[in-house]
Amino acid sequence: MRVSISKSSVKGEVFAPPSKSYTHRAITLAALSKESIIHRPLLSADTLATIRASEMFGASVERKEENLIIKGFNGKPNVPDDVIDAANSGTTLRLMTAIAGLTEGITVLTGDSSLRTRPNGPLLKTLNQLGASTCSTRGNERAPLVVKGGLEGKEVNIEGSISSQFISALLIACPLAENSTTLSIIGKLKSRPYVDVTIEMLELAGVKIHTDENNGTKFIIPGKQKYDLKEYTIPGDFSSASYLLAAAAMTEGSEITVKNLFPSKQGDKLIIETLKQMGADIGWEREAGIVTVRGGKKLKAITFDAGATPDLVPTVAVLAAVAEGTSRIENAEHVRYKETDRLRALATELPKLGVKLEEEKDSLTITGGELKGAAVHGWDDHRIVMSLALAGMVAGNTTIDTTESVAISYPDFFKDMSNLGVKLEQISEE
Ligand SMILES: O=C(O)C1=C[C@@H](OP(=O)(O)O)[C@@H](O)[C@H](O)C1
Ligand SMILES: C=C(OP(=O)(O)O)C(=O)O
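Scoring rules and cut-offs
Residues numbered from 1 in each chain as written. Chains lettered and ligands numbered in written order. Predicted model: local features only at pLDDT ≥ 70, side-chain atom pairs only at ≥ 80, totals over all residues. Heavy atoms only, no water. UniProt positions renumbered as here; feature names shortened; annotations may be inferred. Helix = DSSP H or I, 4+ residues; strand = E, 2+ residues; numbered from the N terminus. Contact = heavy atoms within 4.5 Å. Buried < 20%, exposed > 50% of the residue type's maximum accessible area, 1.4 Å probe, protein only. Domains from an automatic or database assignment. Buried area = accessible area lost by both parts, 1.4 Å probe. Salt bridge = Lys/Arg side-chain N within 4 Å of Asp/Glu carboxyl O. Polar contact = N/O pair within 3.5 Å; in protein donor to acceptor, adjacent residues only side chain to side chain. Nonpolar A, V, L, I, M, F, W, Y, C, P; charged D, E, K, R; others polar.

Novice: Explain the UniProt feature "binding site: phosphoenolpyruvate" (unreviewed entry) in the chain to me, please; I cannot follow it from the model alone.
Specialist: In the numbering used here, UniProt assigns the "binding site: phosphoenolpyruvate" (unreviewed entry) feature to K20, G90, R118, Q165, R342 and R383. Tracing the backbone shows Q165 in helix α5 (residues 165–173). Sequence-distant contacts of Q165, defined by excluding residues within four places in its chain, comprise G90, T91, R94 and L95. Among the structural elements, R342 can be located in helix α10 (residues 342–349). The class of R342 is buried, set by a relative accessible area of 1%. Ignoring anything within four residues of it in the chain, the contact list for R342 reads D311, P314, V335, R336, D381, H382, R383 and I384.

In C-alpha coordinates, the structure reads:
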(Lines give C-alpha, C1' and ligand atoms only; values in the text may rest on other atoms or scores of the structure.)
(Ligands and ions follow the chains in the order given, each with its own letter.)
Protein backbone atom coordinates (compact mmCIF):
# COMPACT_ATOMS: atom_id res chain seq x y z
CA MET A 1 0.00 0.00 0.00
CA ARG A 2 1.40 3.40 -1.03
CA VAL A 3 0.75 6.41 1.22
CA SER A 4 1.46 10.05 0.46
CA ILE A 5 2.48 12.45 3.21
CA SER A 6 2.38 16.23 3.13
CA LYS A 7 4.18 18.67 5.42
CA SER A 8 2.49 18.27 8.81
CA SER A 9 2.76 18.74 12.53
CA VAL A 10 1.14 16.71 15.34
CA LYS A 11 -1.19 17.89 18.08
CA GLY A 12 -3.15 16.06 20.74
CA GLU A 13 -3.12 13.01 22.98
CA VAL A 14 -2.32 9.44 22.09
CA PHE A 15 -2.06 6.17 23.99
CA ALA A 16 1.20 4.28 23.28
CA PRO A 17 0.43 0.82 21.88
CA PRO A 18 1.24 -2.19 24.07
CA SER A 19 4.78 -3.55 24.04
CA LYS A 20 5.56 -6.14 21.39
CA SER A 21 8.42 -7.66 23.39
CA TYR A 22 6.40 -8.01 26.60
CA THR A 23 3.44 -9.42 24.67
CA HIS A 24 5.58 -12.12 22.98
CA ARG A 25 6.98 -13.14 26.34
CA ALA A 26 3.67 -13.03 28.20
CA ILE A 27 2.02 -15.29 25.61
CA THR A 28 4.97 -17.71 25.56
CA LEU A 29 5.22 -17.91 29.35
CA ALA A 30 1.45 -18.30 29.64
CA ALA A 31 1.63 -21.17 27.14
CA LEU A 32 4.23 -22.81 29.38
CA SER A 33 2.00 -22.29 32.46
CA LYS A 34 -1.40 -23.85 33.30
CA GLU A 35 -3.77 -20.93 32.98
CA SER A 36 -3.10 -17.21 32.68
CA ILE A 37 -4.78 -13.99 31.74
CA ILE A 38 -2.96 -11.25 29.85
CA HIS A 39 -4.45 -7.78 29.94
CA ARG A 40 -4.08 -5.35 27.07
CA PRO A 41 -1.78 -7.41 24.81
CA LEU A 42 -0.47 -6.07 21.53
CA LEU A 43 -2.40 -7.83 18.78
CA SER A 44 -0.19 -7.34 15.74
CA ALA A 45 1.07 -9.61 12.98
CA ASP A 46 4.16 -10.61 15.00
CA THR A 47 2.37 -11.38 18.25
CA LEU A 48 -0.35 -13.29 16.36
CA ALA A 49 2.46 -15.51 15.05
CA THR A 50 3.43 -16.22 18.67
CA ILE A 51 -0.19 -17.03 19.53
CA ARG A 52 -0.43 -19.47 16.59
CA ALA A 53 2.86 -21.16 17.51
CA SER A 54 1.76 -21.50 21.15
CA GLU A 55 -1.47 -23.11 19.98
CA MET A 56 0.47 -25.56 17.84
CA PHE A 57 2.42 -26.67 20.91
CA GLY A 58 -0.90 -27.31 22.69
CA ALA A 59 -2.01 -24.04 24.31
CA SER A 60 -5.51 -22.64 23.85
CA VAL A 61 -5.79 -18.89 23.47
CA GLU A 62 -9.10 -17.09 23.82
CA ARG A 63 -9.60 -13.40 23.16
CA LYS A 64 -12.03 -11.77 25.60
CA GLU A 65 -12.47 -8.02 25.25
CA GLU A 66 -9.00 -6.54 25.79
CA ASN A 67 -7.60 -9.74 27.31
CA LEU A 68 -6.13 -13.07 26.31
CA ILE A 69 -7.09 -16.09 28.36
CA ILE A 70 -4.48 -18.75 27.82
CA LYS A 71 -4.72 -22.38 28.90
CA GLY A 72 -1.15 -23.56 28.64
CA PHE A 73 0.50 -26.95 28.21
CA ASN A 74 2.12 -26.74 31.64
CA GLY A 75 5.73 -27.13 30.60
CA LYS A 76 5.14 -30.05 28.23
CA PRO A 77 4.75 -28.87 24.64
CA ASN A 78 3.09 -31.26 22.17
CA VAL A 79 4.73 -32.19 18.92
CA PRO A 80 3.06 -29.74 16.49
CA ASP A 81 0.88 -31.39 13.84
CA ASP A 82 2.09 -28.99 11.16
CA VAL A 83 4.94 -26.65 10.33
CA ILE A 84 5.16 -23.58 12.61
CA ASP A 85 5.05 -20.41 10.53
CA ALA A 86 6.63 -17.54 12.44
CA ALA A 87 5.79 -15.22 9.51
CA ASN A 88 7.93 -12.04 9.81
CA SER A 89 8.76 -12.38 13.51
CA GLY A 90 12.32 -13.08 14.64
CA THR A 91 11.23 -13.20 18.27
CA THR A 92 8.64 -15.90 17.52
CA LEU A 93 11.07 -18.02 15.51
CA ARG A 94 13.84 -17.92 18.11
CA LEU A 95 11.63 -18.45 21.20
CA MET A 96 9.69 -21.28 19.57
CA THR A 97 12.84 -23.00 18.27
CA ALA A 98 14.04 -23.39 21.86
CA ILE A 99 10.61 -24.58 23.02
CA ALA A 100 10.67 -27.18 20.23
CA GLY A 101 13.73 -28.58 22.03
CA LEU A 102 11.39 -29.61 24.87
CA THR A 103 9.03 -31.79 22.80
CA GLU A 104 9.27 -35.54 22.41
CA GLY A 105 9.41 -35.36 18.64
CA ILE A 106 10.32 -33.22 15.67
CA THR A 107 9.21 -29.64 14.93
CA VAL A 108 9.67 -27.73 11.69
CA LEU A 109 9.71 -23.93 11.86
CA THR A 110 9.72 -21.46 9.03
CA GLY A 111 8.74 -17.91 8.17
CA ASP A 112 8.32 -15.41 5.36
CA SER A 113 11.04 -14.56 2.84
CA SER A 114 12.55 -11.95 5.20
CA LEU A 115 12.66 -14.26 8.23
CA ARG A 116 14.23 -17.00 6.11
CA THR A 117 17.28 -14.76 5.58
CA ARG A 118 17.93 -14.10 9.28
CA PRO A 119 20.72 -15.89 11.20
CA ASN A 120 20.12 -18.55 13.87
CA GLY A 121 23.53 -20.24 14.03
CA PRO A 122 24.43 -19.62 17.69
CA LEU A 123 20.99 -20.77 18.89
CA LEU A 124 21.08 -23.99 16.84
CA LYS A 125 24.61 -24.77 17.97
CA THR A 126 23.83 -24.29 21.66
CA LEU A 127 20.59 -26.28 21.43
CA ASN A 128 22.62 -29.15 19.92
CA GLN A 129 25.12 -28.96 22.79
CA LEU A 130 22.17 -29.07 25.21
CA GLY A 131 20.94 -32.39 23.78
CA ALA A 132 18.36 -31.29 21.21
CA SER A 133 19.14 -31.99 17.60
CA THR A 134 18.71 -29.11 15.18
CA CYS A 135 19.42 -28.32 11.57
CA SER A 136 18.55 -25.83 8.89
CA THR A 137 17.01 -27.51 5.82
CA ARG A 138 19.37 -25.53 3.57
CA GLY A 139 22.38 -25.99 5.85
CA ASN A 140 22.76 -22.22 6.18
CA GLU A 141 21.47 -21.66 9.73
CA ARG A 142 18.40 -19.91 8.29
CA ALA A 143 14.79 -21.14 8.52
CA PRO A 144 13.30 -23.57 7.63
CA LEU A 145 14.64 -25.14 10.82
CA VAL A 146 14.15 -28.69 12.07
CA VAL A 147 14.36 -29.37 15.81
CA LYS A 148 14.25 -32.76 17.50
CA GLY A 149 13.50 -32.49 21.23
CA GLY A 150 15.82 -33.74 23.95
CA LEU A 151 16.95 -30.60 25.76
CA GLU A 152 18.98 -31.39 28.88
CA GLY A 153 20.76 -29.01 31.22
CA LYS A 154 24.52 -28.57 30.82
CA GLU A 155 27.28 -26.01 30.86
CA VAL A 156 27.29 -24.19 27.51
CA ASN A 157 28.38 -20.98 25.81
CA ILE A 158 26.48 -18.81 23.37
CA GLU A 159 27.61 -16.06 21.04
CA GLY A 160 25.90 -12.81 22.04
CA SER A 161 26.76 -10.35 19.29
CA ILE A 162 24.16 -11.33 16.69
CA SER A 163 20.89 -11.42 18.60
CA SER A 164 19.82 -11.38 22.23
CA GLN A 165 16.78 -13.42 21.20
CA PHE A 166 18.93 -16.57 21.26
CA ILE A 167 19.66 -15.95 24.94
CA SER A 168 16.05 -15.06 25.77
CA ALA A 169 14.95 -18.29 24.05
CA LEU A 170 17.32 -20.47 26.10
CA LEU A 171 16.46 -18.64 29.35
CA ILE A 172 12.82 -19.56 28.70
CA ALA A 173 13.32 -23.20 27.65
CA CYS A 174 16.15 -24.34 29.95
CA PRO A 175 14.23 -24.06 33.28
CA LEU A 176 12.15 -27.00 31.99
CA ALA A 177 15.17 -29.25 31.36
CA GLU A 178 15.92 -32.15 33.73
CA ASN A 179 19.20 -30.67 34.98
CA SER A 180 20.54 -27.24 35.63
CA THR A 181 22.10 -25.21 32.78
CA THR A 182 24.96 -22.75 32.97
CA LEU A 183 24.80 -20.38 30.04
CA SER A 184 27.80 -18.10 29.43
CA ILE A 185 27.73 -15.38 26.83
CA ILE A 186 30.76 -15.05 24.63
CA GLY A 187 31.38 -12.03 22.44
CA LYS A 188 29.78 -8.70 23.24
CA LEU A 189 26.11 -9.12 24.16
CA LYS A 190 23.95 -6.82 22.02
CA SER A 191 20.39 -5.75 22.83
CA ARG A 192 20.92 -6.54 26.53
CA PRO A 193 17.72 -4.83 27.78
CA TYR A 194 15.65 -7.51 25.99
CA VAL A 195 17.36 -10.17 28.12
CA ASP A 196 16.45 -8.15 31.20
CA VAL A 197 12.82 -8.02 30.02
CA THR A 198 12.90 -11.81 29.68
CA ILE A 199 14.33 -12.27 33.18
CA GLU A 200 11.74 -9.89 34.65
CA MET A 201 8.93 -11.91 33.04
CA LEU A 202 10.47 -15.24 34.14
CA GLU A 203 10.53 -13.99 37.75
CA LEU A 204 6.87 -13.02 37.49
CA ALA A 205 6.11 -16.53 36.23
CA GLY A 206 7.86 -18.00 39.31
CA VAL A 207 10.97 -19.14 37.42
CA LYS A 208 14.40 -18.60 38.99
CA ILE A 209 17.50 -17.56 37.05
CA HIS A 210 20.77 -16.69 38.82
CA THR A 211 22.92 -14.09 37.09
CA ASP A 212 26.61 -13.59 37.92
CA GLU A 213 27.22 -10.40 39.80
CA ASN A 214 30.11 -9.05 37.73
CA ASN A 215 28.85 -8.24 34.29
CA GLY A 216 25.66 -10.28 33.97
CA THR A 217 26.92 -12.52 31.19
CA LYS A 218 26.63 -15.87 32.94
CA PHE A 219 23.28 -17.38 33.85
CA ILE A 220 22.66 -20.36 36.10
CA ILE A 221 19.29 -21.86 35.30
CA PRO A 222 18.05 -24.56 37.67
CA GLY A 223 16.16 -27.35 35.87
CA LYS A 224 12.76 -29.00 36.59
CA GLN A 225 11.05 -25.67 37.25
CA LYS A 226 7.36 -24.82 36.82
CA TYR A 227 5.81 -21.86 35.03
CA ASP A 228 2.88 -20.04 36.57
CA LEU A 229 2.34 -16.61 35.01
CA LYS A 230 -1.21 -16.12 36.33
CA GLU A 231 -1.98 -12.53 35.34
CA TYR A 232 -0.06 -9.78 33.58
CA THR A 233 -0.81 -6.35 32.10
CA ILE A 234 1.32 -5.39 29.10
CA PRO A 235 3.03 -1.98 29.41
CA GLY A 236 3.29 0.59 26.60
CA ASP A 237 5.91 0.21 23.88
CA PHE A 238 8.76 2.74 23.81
CA SER A 239 9.93 1.65 20.34
CA SER A 240 6.50 2.36 18.86
CA ALA A 241 6.23 5.56 20.90
CA SER A 242 9.59 6.72 19.52
CA TYR A 243 7.90 7.60 16.20
CA LEU A 244 5.26 9.71 17.94
CA LEU A 245 7.75 11.54 20.15
CA ALA A 246 10.18 12.13 17.27
CA ALA A 247 7.36 13.36 15.01
CA ALA A 248 6.53 16.08 17.53
CA ALA A 249 10.15 17.01 18.24
CA MET A 250 10.93 17.43 14.52
CA THR A 251 8.05 19.66 13.54
CA GLU A 252 7.27 23.28 14.37
CA GLY A 253 3.87 23.84 16.00
CA SER A 254 3.61 20.28 17.33
CA GLU A 255 2.51 19.51 20.86
CA ILE A 256 1.65 15.98 21.93
CA THR A 257 1.01 13.96 25.03
CA VAL A 258 1.79 10.26 24.86
CA LYS A 259 0.22 8.18 27.63
CA ASN A 260 0.94 4.63 28.84
CA LEU A 261 4.71 5.19 29.03
CA PHE A 262 5.67 4.07 32.52
CA PRO A 263 9.28 3.30 33.56
CA SER A 264 10.14 -0.16 32.31
CA LYS A 265 13.06 -2.45 31.55
CA GLN A 266 12.64 -1.61 27.85
CA GLY A 267 15.93 -0.22 26.56
CA ASP A 268 14.09 1.93 24.04
CA LYS A 269 12.96 4.33 26.76
CA LEU A 270 16.35 5.79 25.82
CA ILE A 271 14.47 7.73 23.11
CA ILE A 272 13.41 10.23 25.81
CA GLU A 273 17.02 10.88 26.90
CA THR A 274 18.14 10.99 23.25
CA LEU A 275 15.55 13.61 22.34
CA LYS A 276 16.53 15.63 25.42
CA GLN A 277 20.19 15.42 24.43
CA MET A 278 19.31 16.61 20.93
CA GLY A 279 17.68 19.65 22.45
CA ALA A 280 14.00 18.73 22.15
CA ASP A 281 11.44 20.17 24.55
CA ILE A 282 10.36 16.91 26.22
CA GLY A 283 9.13 16.00 29.69
CA TRP A 284 8.37 12.64 31.29
CA GLU A 285 6.03 12.34 34.26
CA ARG A 286 7.17 8.85 35.19
CA GLU A 287 4.54 8.05 37.80
CA ALA A 288 1.72 9.13 35.53
CA GLY A 289 3.29 7.40 32.51
CA ILE A 290 2.96 10.59 30.44
CA VAL A 291 5.48 12.06 28.01
CA THR A 292 4.91 15.51 26.50
CA VAL A 293 6.82 16.95 23.56
CA ARG A 294 6.64 20.41 22.08
CA GLY A 295 8.11 20.89 18.62
CA GLY A 296 9.94 23.93 17.32
CA LYS A 297 13.33 23.60 19.02
CA LYS A 298 16.24 23.26 16.58
CA LEU A 299 17.62 19.74 17.13
CA LYS A 300 21.38 19.20 17.53
CA ALA A 301 23.50 16.35 16.17
CA ILE A 302 24.23 13.37 18.41
CA THR A 303 26.49 10.33 18.75
CA PHE A 304 24.19 7.38 19.35
CA ASP A 305 25.42 3.96 20.49
CA ALA A 306 22.91 1.46 19.10
CA GLY A 307 24.33 -1.56 20.95
CA ALA A 308 21.47 -1.93 23.43
CA THR A 309 18.69 -0.35 21.40
CA PRO A 310 18.79 -1.46 17.74
CA ASP A 311 15.10 -0.75 17.09
CA LEU A 312 15.63 2.98 17.71
CA VAL A 313 18.10 3.29 14.83
CA PRO A 314 15.58 4.21 12.09
CA THR A 315 13.97 6.85 14.36
CA VAL A 316 17.32 8.32 15.39
CA ALA A 317 18.57 8.32 11.77
CA VAL A 318 15.60 10.48 10.73
CA LEU A 319 16.09 12.80 13.72
CA ALA A 320 19.75 13.14 12.69
CA ALA A 321 18.65 13.97 9.16
CA VAL A 322 16.96 17.17 10.37
CA ALA A 323 19.36 18.06 13.19
CA GLU A 324 22.07 20.71 12.98
CA GLY A 325 25.47 19.12 12.40
CA THR A 326 26.79 15.64 11.78
CA SER A 327 25.50 12.72 13.85
CA ARG A 328 26.89 9.23 14.18
CA ILE A 329 24.98 6.05 14.88
CA GLU A 330 27.58 3.54 16.08
CA ASN A 331 27.86 -0.05 17.23
CA ALA A 332 24.99 -0.95 14.92
CA GLU A 333 26.07 -3.98 12.91
CA HIS A 334 23.31 -6.12 14.46
CA VAL A 335 20.77 -3.71 12.94
CA ARG A 336 21.63 -5.39 9.63
CA TYR A 337 20.09 -8.70 10.84
CA LYS A 338 16.53 -7.44 11.22
CA GLU A 339 13.49 -7.68 8.92
CA THR A 340 15.80 -5.97 6.43
CA ASP A 341 19.37 -4.78 6.60
CA ARG A 342 18.22 -1.53 8.17
CA LEU A 343 21.53 0.30 7.78
CA ARG A 344 21.38 -0.46 4.05
CA ALA A 345 17.70 0.49 3.86
CA LEU A 346 18.28 3.86 5.57
CA ALA A 347 21.42 4.51 3.50
CA THR A 348 19.38 3.87 0.35
CA GLU A 349 16.17 5.78 1.16
CA LEU A 350 17.27 8.85 3.16
CA PRO A 351 19.53 10.20 0.38
CA LYS A 352 16.46 10.16 -1.93
CA LEU A 353 15.03 12.78 0.47
CA GLY A 354 18.22 14.85 0.19
CA VAL A 355 20.01 13.53 3.26
CA LYS A 356 23.80 13.36 3.33
CA LEU A 357 24.70 9.96 4.74
CA GLU A 358 27.67 7.62 4.89
CA GLU A 359 27.28 3.94 5.64
CA GLU A 360 29.96 1.79 7.20
CA LYS A 361 29.89 -1.79 8.44
CA ASP A 362 28.53 -0.89 11.86
CA SER A 363 27.69 2.80 11.64
CA LEU A 364 25.87 5.57 9.85
CA THR A 365 27.16 9.14 9.67
CA ILE A 366 24.36 11.57 8.90
CA THR A 367 24.55 15.29 8.28
CA GLY A 368 21.33 17.16 8.91
CA GLY A 369 19.84 19.59 6.43
CA GLU A 370 16.77 20.50 4.38
CA LEU A 371 14.67 17.52 3.26
CA LYS A 372 12.97 17.38 -0.13
CA GLY A 373 9.96 15.23 -1.02
CA ALA A 374 10.51 11.99 -2.96
CA ALA A 375 9.03 8.56 -3.65
CA VAL A 376 10.71 6.24 -1.16
CA HIS A 377 10.62 2.49 -0.64
CA GLY A 378 9.55 1.08 2.73
CA TRP A 379 11.40 -2.20 2.23
CA ASP A 380 8.39 -4.13 3.62
CA ASP A 381 9.83 -3.23 7.02
CA HIS A 382 7.59 -1.61 9.63
CA ARG A 383 10.36 0.43 11.25
CA ILE A 384 11.67 1.71 7.93
CA VAL A 385 8.14 2.72 6.89
CA MET A 386 7.36 4.48 10.19
CA SER A 387 10.66 6.38 10.23
CA LEU A 388 10.25 7.45 6.59
CA ALA A 389 6.79 8.74 7.47
CA LEU A 390 8.44 11.13 9.96
CA ALA A 391 10.86 12.32 7.29
CA GLY A 392 7.87 12.80 4.97
CA MET A 393 6.18 15.10 7.51
CA VAL A 394 9.18 17.43 7.26
CA ALA A 395 9.93 17.03 3.54
CA GLY A 396 6.31 17.07 2.34
CA ASN A 397 5.29 15.70 -1.01
CA THR A 398 6.59 12.22 -0.13
CA THR A 399 5.20 8.80 -0.95
CA ILE A 400 6.09 5.54 0.81
CA ASP A 401 5.25 2.03 -0.40
CA THR A 402 4.84 -1.25 1.55
CA THR A 403 3.15 0.71 4.33
CA GLU A 404 0.98 -2.29 5.25
CA SER A 405 4.08 -3.58 7.10
CA VAL A 406 3.20 -1.36 10.09
CA ALA A 407 0.83 -4.23 11.02
CA ILE A 408 3.92 -6.06 12.34
CA SER A 409 4.26 -3.95 15.47
CA TYR A 410 1.93 -0.92 15.31
CA PRO A 411 -1.23 -1.68 13.32
CA ASP A 412 -2.83 1.68 14.18
CA PHE A 413 0.22 3.77 13.27
CA PHE A 414 -1.35 5.66 10.34
CA LYS A 415 -4.66 6.00 12.16
CA ASP A 416 -2.94 7.53 15.20
CA MET A 417 -0.81 9.82 13.02
CA SER A 418 -3.87 10.96 11.11
CA ASN A 419 -5.78 11.62 14.35
CA LEU A 420 -2.84 13.75 15.49
CA GLY A 421 -3.19 15.84 12.35
CA VAL A 422 -0.68 14.31 9.94
CA LYS A 423 -1.81 14.91 6.36
CA LEU A 424 -1.66 11.54 4.68
CA GLU A 425 -3.57 9.70 2.04
CA GLN A 426 -3.56 6.17 0.73
CA ILE A 427 -2.85 6.56 -2.98
CA SER A 428 -2.71 2.96 -4.15
CA GLU A 429 -3.13 -0.62 -2.97
CA GLU A 430 0.33 -1.51 -4.22
O1 LIG B 1 13.64 -9.97 22.26
C2 LIG B 1 12.98 -9.08 21.70
O3 LIG B 1 11.79 -8.85 21.98
C4 LIG B 1 13.64 -8.26 20.67
C5 LIG B 1 15.02 -8.19 20.62
C6 LIG B 1 15.76 -7.33 19.66
O7 LIG B 1 16.38 -8.15 18.70
P8 LIG B 1 17.92 -8.63 18.79
O9 LIG B 1 18.16 -9.20 20.11
O10 LIG B 1 18.00 -9.63 17.69
O11 LIG B 1 18.78 -7.41 18.53
C12 LIG B 1 14.83 -6.34 18.94
O13 LIG B 1 15.49 -5.84 17.81
C14 LIG B 1 13.52 -6.99 18.54
O15 LIG B 1 12.67 -6.05 17.92
C16 LIG B 1 12.78 -7.52 19.73
C1 LIG C 1 13.55 -6.77 14.73
C2 LIG C 1 12.29 -6.71 15.15
O3 LIG C 1 11.55 -7.77 15.58
P4 LIG C 1 11.84 -9.33 15.40
O5 LIG C 1 13.30 -9.57 15.62
O6 LIG C 1 10.98 -10.01 16.42
O7 LIG C 1 11.43 -9.70 13.99
C8 LIG C 1 11.61 -5.40 15.23
O9 LIG C 1 10.48 -5.34 15.72
O10 LIG C 1 12.18 -4.39 14.81
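Novice: What am I meant to see in the domain arrangement of the chain here?
Specialist: How big an interface is tends to be stated in terms of accessible area lost as the parts join. What the domain assignment reports for the chain is domain 1 (2–17 + 236–428) and domain 2 (20–223). The C-alpha centroid of domain 2 is placed 29 Å from the C-alpha centroid of domain 1. Taken together, the 24 residues of domain 1 in the interface contact 22 residues of domain 2. Note on domain 1 versus domain 2: buried area summed over both sides is about 1800 Å², and carbon and sulfur give 55% of it. If you sort the residues of domain 1 by the area they bury against domain 2, K265, Y337 and I408 come out on top, with a joint share of 32%. For the pair domain 1 and domain 2, the interface holds one salt bridge. Residue E339 is joined to R118 by a salt bridge in which the shortest nitrogen-to-oxygen separation is 3.8 Å. One can count nine residue pairs in polar contact (both at pLDDT 80 or more) joining domain 1 with domain 2. Here the residues of the side of domain 1 that touches domain 2 are counted per class, giving seven nonpolar, ten polar and seven charged.

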